[in-house]
Amino acid sequence: MKWIKGILLGLVILLLLIAGMLAYLLQASGKVSDFKAWQPQTGISVHGLTVNFFGVSTLLLDDGHDQILIDGFFSRPSLRQVITRPIQSDKLLLEQLVECHELSRTQAILVSHSHYDHVLDVPALLEMLPETAVVGSPSTLNIARANPKVTPQQLQPIKPGQVQQWGNFQITALRSQHTPPTAVNDDLGEKLLQPLTLPAKFSEFKEGGSFDYLIEHAGYKILVKASTGFIPEQLQHLEVDILFLGIAQLSRQSAAYQQQYLAETLNLLKPKVVIPVHWDDFFQPLKQPLQFLPRLADDTPKSLQLLIQAAETQGTKVILLSGPQPYLLNSAFASQSD
Ligand SMILES: [Zn+2]
Ligand SMILES: [Zn+2]
């Protein structure tokens, strides 16, 4: 019977090793505080065009009168919830956010693509904000239709290349490309052809095409690119003041891809300021400070370093927003010391 004991002991050791390895891989891939030099000071006066960053690529642009929301993902269910059960919005949290950020001033929610980490809260938000429209792909509109209270007027099909006026904001959607697929993210180009039923499994949120948004406001040009993907030469004749640039899994791509991605975005657009997005662990709730993606998903310090090096080489300032405090975009052009 000694050999059975030996095998059992071996199995226990193996399981412990696997558990230890998993715990290591699920830890943050670095510390946000190591990048203090690029984080702005908060508590400054906020008159002008501000942005609130809620993690992933959910961004609230606010000029004090009108608002534009990019993507709608606040509920951030935990990894366990996402893996084990269908997911849905945290309505209480959304009600608090609607009140706290006066989201009734939101003219439109511009959706980059239909994965749940971009669109989960759109159906619930549209019910709470009956004057607000959603702009997105047919798949995104089918996710919005999960809520029968959403009206047809709220559903605005995306029209790439066409300028649309939403309050004080001029918006142009541009066709784009998702981050290269992974084992759990291999549905690129798939569409959601029927209205979704909520709650839904995360895998039911099909990508449905990816888009960037050019936002013009009071003479400023802003481009929001949520995913680490590009269509070659798509942004060739465009220059912007501010670039929100997705860096998820940049460290995991080949050196050639990294270089081409930065060349097709940062180098072409020559922004004065670049603000990285989609670098946080979106299984953590919004009430906690944003953390880097776990090691399993990315090496975020490396992704950030790649961006910082390329940006600073061409004189573009990098601003790392790490919480949903309003940041005055005009101040990004001011002193180099903030
Ligand atoms: Zn995605
Ligand atoms: Zn995403």
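Note that this is a predicted model, so its numbers are computed, not measured.

### Observations regarding the overall build of the protein chain
For the protein chain, the helix and strand inventory stands at 8 helices and 14 strands. Against the 2.2 N^0.38 benchmark of 20 Å for 338 residues, the protein chain shows a C-alpha radius of gyration of 21 Å, consistent with a compact globule. With respect to the principal axes defined by its C-alpha atoms, the protein chain has extents near 80 × 50 × 40 Å. Put simply, the protein chain has 338 residues, and 45% of those count as buried. Relative to all contacts within the protein chain whose residues are 6 or more apart in sequence, the contacts with residues 24 or more apart total 69%.

### Some details on the environment of E204
By the element assignment, E204 lies in the loop between β8 (169–176) and β9 (210–217). Note on E204: 18 C-beta atoms within 10 Å, which makes it partly exposed. Here the alpha-carbon distance between E204 and L290, two residues 86 residues apart in the chain, equals 26 Å.

### Comments concerning the sheet that holds strand β2 (residues 59–62)
If you trace the 7 strands from one edge of the open sheet to the other, you get β6-β5-β4-β3-β2-β1-β14, paired in mixed fashion. At either margin of the open sheet sits one strand with a lone partner, and together these are β6 (155–157) and β14 (327–328).

### Points about the domain arrangement of the protein chain
Per the domain assignment, the segments of the protein chain are domain 1 (1–30) and domain 2 (31–337). Taking only C-alpha atoms, the centre of domain 1 and the centre of domain 2 are 38 Å apart. The partner domain 2 presents 13 residues to the 7 residues of domain 1 that form the contact. When grouped by side-chain class, the residues that make up the side of domain 1 that touches domain 2 number 4 nonpolar, 3 polar and no charged.

### Some details on the pairing of β8
Relative to β8, strand β7 (residues 163–166) is paired through 4 bridges, and the arrangement is antiparallel. Bridge pairing in β8 places V163 opposite T172. Taken together, β7 and the strand that follows it, β8, pair antiparallel across an intervening segment of 2 residues, in which G167 is found at a positive phi of about 60 degrees. In this structure, β8 lies alongside β9, joined through 7 bridges in antiparallel fashion. Opposite L174, over in β9, you have D212 as the bridge partner.

### Description of the environment of A144
In this structure, A144 sits in helix α6 (residues 138–144). Residues A144 and E127, 17 residues apart in the sequence, show an inter-C-alpha distance of 9.6 Å. Those residues within four positions of A144 in sequence are excluded, and the remaining contacts are V122, P123, L126, V134, V150 and L155.

### Overview of the pairing of β2
Neither face of β2 is left uncovered, since the one carrying L59 and L61 and the one carrying L60 and D62 both have all their residues buried. Pairing geometry for strand β1 (residues 50–53) and β2, over 4 bridges, is antiparallel. The partner of T50 across the bridge, within β2, is D62. The turn joining β1 and β2, which pair antiparallel and follow one another in sequence, is formed by 5 residues; a positive phi near 90 degrees is taken by G55. Of the strand pairs in this sheet, β2 and strand β3 (residues 67–70) are connected by 4 bridges, and their pairing is antiparallel. Following the sheet pairing, L60 is matched in β3 by L69. From the end of β2 to the start of β3, which pair antiparallel, there are 4 residues, and G64 there has a positive phi angle of about 95 degrees.

### Some details on the sheet that holds strand β10 (residues 220–225)
Strand order in this open sheet of 7 strands is β7-β8-β9-β10-β11-β12-β13, and the pairing throughout is mixed. The open sheet has two edge strands with one neighbour each: β7 and β13 (317–318). Sheet strands touched by helix α7 (residues 255–269): β10, β11 (242–246) and β12 (273–277). Its angle to β11, the strand with the most contacts, is close to 165 degrees.

### Some points on the nonpolar core
Residues I68, L110, V122, V134, V224, L243 and L307 are the most contacted members of the largest nonpolar core, which totals 88 residues. Contact partners of L307, with chain neighbours within four places excluded, come to L245, I247, V274, P276 and V318.

### With respect to the environment of Y24
With respect to the helices, strands and loops of the structure, Y24 is situated in helix α1 (residues 2–26). It is 39 Å that separates the C-alpha atoms of Y24 and L174, two residues lying 150 residues apart in sequence.

### Notes on unusual backbone geometry
Each neighbour pair has its own omega, and for L198 with P199 the value is -5 degrees, a cis peptide bond. You can see P199 is positioned in the loop between β8 and β9. Even without being a glycine, E233 presents a positive backbone phi close to 65 degrees. As for its position among the elements, E233 is in the loop between β10 and β11. Look at E233 and you get exposed, because 9 C-beta atoms sit within 10 Å. Phi is positive for H278, close to 55 degrees, though the residue is something other than glycine. Looking at the secondary structure, you find H278 in the loop between β12 and α8 (300–313).

What counts, and at which threshold
- Residues numbered from 1 in each chain as written.
- Chains lettered and ligands numbered in written order.
- Predicted model: local features only at pLDDT ≥ 70, side-chain atom pairs only at ≥ 80, totals over all residues.
- Helix = DSSP H or I, 4+ residues; strand = E, 2+ residues; numbered from the N terminus.
- Rg over C-alpha atoms; globule rule 2.2 N^0.38 Å.
- Buried ≥ 20, exposed ≤ 12 C-beta atoms within 10 Å, placed from the backbone.
- Contact = placed C-beta atoms within 7 Å.
- Pairing = 2+ DSSP bridges.
- Domains from an automatic or database assignment.
- Nonpolar A, V, L, I, M, F, W, Y, C, P; charged D, E, K, R; others polar.
- Axes fitted to C-alpha atoms, helices over the stretch in contact; angles between N-to-C directions.
- Core = buried A, V, L, I, M, F, W, Y, C linked by C-beta atoms within 7 Å.

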